[in-house]
Amino acid sequence: DNEFLWVSASLFMNDASKIFSVTKKRDEMLFDYDAFGIVLDTYNDNENGLAFYTTPSGLRTDYAISNDAAGGGGPMGSMMNFNWNTFWDVKTTRDDKGWYVEMRIPFSSLKFKPEGDTATMGLIITRNISANNETDSYPAIDPKFGFIAYNKPSQAQTITIEGAKPSKPVYITPYVIGGMGQEWIMNESETGYERIDD
């Protein structure tokens, strides 16, 4: 619609008792779980992307991708920034046939540049099936890229979204902060120290 990108999927299983999802921790690595997600190359530059993943328990993992997911240093190198978090919602359900997901991603959470009334982006859709040690994607991506294959914006399918408009909302998050200071000062007779709490 005019505000959100909606993504939904019906993820069927021959034996739904094998669905594996044990955490709701934000930004959990999803290699060992049943999972579903998308990568959006919002500028369609084949270099940068935004990833949105979930599991049957409804956890949210989001991260930013740079340099076409190629880079060194650390377990994920500098190619995936898990510190990037944005506003989006997900709901999941499951039954004896599988599990189902619906994501609602505000266009205000995506940076993109439409031409007229149309935004052109890259899209990768990925599903992990833990019980089969299986990863499926659209479009099909050559496994020669290794475990990061499904995070490479250069492998995305080009899509167009009509009516999407970027916006820059202001979010206000109230919070409370507290602190305590403790100081030891020499007393007037200089025979000892007195504690002063602040």
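Below is a short write-up of the structure. (Residues numbered from 1 in each chain as written. Predicted model: local features only at pLDDT ≥ 70, side-chain atom pairs only at ≥ 80, totals over all residues. Heavy atoms only, no water.)

1. Some words on the pairing of strand S8 (residues 118–129)
Heads up, the rule is: We call a residue buried when its accessible area falls under 20% of the maximum for its residue type, exposed when it is over 50%, and partly exposed in between, using a 1.4 Å probe and counting protein chains only. Every helix listed is a DSSP run of H or I at least four residues long, and every strand listed is a run of E at least two residues long, numbered separately from the N terminus. Between any two strands, at least two bridges found by DSSP are needed for them to pair.
Most of S8 is tucked away: 9 of the 12 residues are buried. Pairing of strand S2 (residues 35–41) with S8 involves 7 bridges; the strand directions are antiparallel. Bridging across to S8, Gly37 finds its partner in Thr126. The pairing of S8 with strand S10 (residues 157–162) spans 6 bridges and is classified as antiparallel. Residue pairing for S10: Met121 is matched across the bridge by Ile159. Two elements, S8 and strand S9 (residues 134–138), share 5 bridges in a ladder whose sense is antiparallel. Its bridge partner lying in S9, Arg127 is registered against Asp136. Hairpin remark: S8 followed by S9, antiparallel, with 4 residues in the connecting loop; positive phi at Asn133, about 50°.

2. Quick look at the nonpolar core
What counts here: Among the buried residues, those of types Ala, Val, Leu, Ile, Met, Phe, Trp, Tyr and Cys that are joined through side-chain atoms within 4.5 Å form a nonpolar core. The contact criterion used throughout is that any non-hydrogen atoms of two residues lie within 4.5 Å.
Ranked by internal contacts, the top residues of the largest apolar core, which has 28 residues, are Phe36, Leu40, Phe52, Val101, Met103 and Leu110. Elements supplying a minimum of two residues to this core: strand S1 (4–12), S2, strand S3 (49–54), strand S7 (98–106) and S8. Beyond its immediate stretch of four places on either side in the chain, Val101 contacts Val7, Ser8, Ala9, Leu11, Phe36, Thr54, Val90, Lys91 and Thr92. Grouped together as the second largest cluster of nonpolar side chains are 18 residues, Ala35, Met79, Ile148 and Tyr150 included.

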